[in-house]
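# Notes for the structure review
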Amino acid sequence: MILGVYRDRPSTRFGLIASRRVGNAVVRNRLRRRLREMVRLSQPRILPGLWIVLVIRAAAGRAGGDALRAEYVALGTRAAIFNQI
């Protein structure tokens, strides 16, 4: 996955991009649902005023839920989008 962050925006927004290379429509929609749920659960920790774009790559179609979660948290930590608790 690739995580893009645009800072100093009026509100926080999140976008997912999954091309046809990821898999058929069933696979892409399943990944979107999983990632939307991960974002929903981590939303209280996300800093305000960010536009976040997550580009899903082909390998994500074969990855399990734990691997996706670990990748999302690692990318978010590296991009400094989470509050320090």
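Before any of the text, the structure's been laid out above.
To start, this report covers the structure provided alongside it. (Residues numbered from 1 in each chain as written. Predicted model: local features only at pLDDT ≥ 70, side-chain atom pairs only at ≥ 80, totals over all residues. Heavy atoms only, no water.)

Next up on the list: the overall build of the protein. Regarding its fold elements, the protein presents two helices and three strands. Principal-axis analysis of the C-alpha atoms gives the protein an extent of 35 × 25 × 20 Å. The burial tally for the protein puts 27% of its 85 residues in the buried class. Across the protein, every contact between residues at least 6 apart in sequence was considered, and the portion connecting residues at least 24 apart equals 84%. Working note: accessible area of the protein is about 5700 Å², and carbon and sulfur atoms make up 52% of it. In the protein, the 17 positive side-chain charges and the 4 negative ones have mean positions that sit 9 Å from each other. (Helix = DSSP H or I, 4+ residues; strand = E, 2+ residues; numbered from the N terminus. Buried < 20%, exposed > 50% of the residue type's maximum accessible area, 1.4 Å probe, protein only. Contact = heavy atoms within 4.5 Å. Areas by Shrake-Rupley, 256 points an atom, 1.4 Å probe, with all protein chains shown as cover. Lys, Arg positive; Asp, Glu negative; His and termini not counted. Charge placed at Lys NZ, Arg CZ, Asp CG, Glu CD.)

Locating arginine 28 in the fold gives a position in helix 1 (residues 25–42). Buried and unpaired, arginine 28 has no salt bridge, with glutamate 71 as the nearest side chain of opposite charge at 19 Å. Beyond its immediate sequence surroundings of up to four residues, arginine 28 is in contact with Ala18, Ser19, Arg20, Val22 and Gly23. (Salt bridge = Lys/Arg side-chain N within 4 Å of Asp/Glu carboxyl O.)

Moving on, we get to the pattern of salt bridges. A complete count under the given rule lists two salt bridges for this structure. Between glutamate 37 and arginine 40 there is a salt bridge, with its nearest N and O atoms 2.6 Å apart. With a gap of three residues between them, glutamate 37 and arginine 40 both fall in helix 1, about one helical turn apart. Accessibility expressed as a relative area gives 49% for arginine 40, which makes it partly exposed. For the salt bridge of arginine 69 with aspartate 66, the shortest nitrogen-to-oxygen distance reads 3.0 Å. Placement of the pair is arginine 69 and aspartate 66 together in helix 2 (residues 65–78), with a separation of three residues, close to one helical turn.

Its 14 residues give helix 2 an end-to-end C-alpha distance of 20 Å, which sits within 8% of 20 Å, the value for a rise of 1.5 Å per residue. Turning to helix 2, its buried residues number three or more, namely Leu68, Tyr72, Leu75 and Gly76. Down the axis of helix 2, the sector holding all buried residues measures 100°, keeping them to one side. Facing away from the buried side of helix 2, by more than 90 degrees, are the exposed residues Asp66, Thr77 and Arg78. Next to the buried residues of helix 2 lie strand 1 (2–6), strand 2 (13–18), helix 1 and strand 3 (51–56). Note on helix 2: the residue one or two positions beyond its end, alanine 80, has a positive phi of about 60°. (Expected span 1.5 Å × (residues − 1). Arc of directions from axis to C-beta.)

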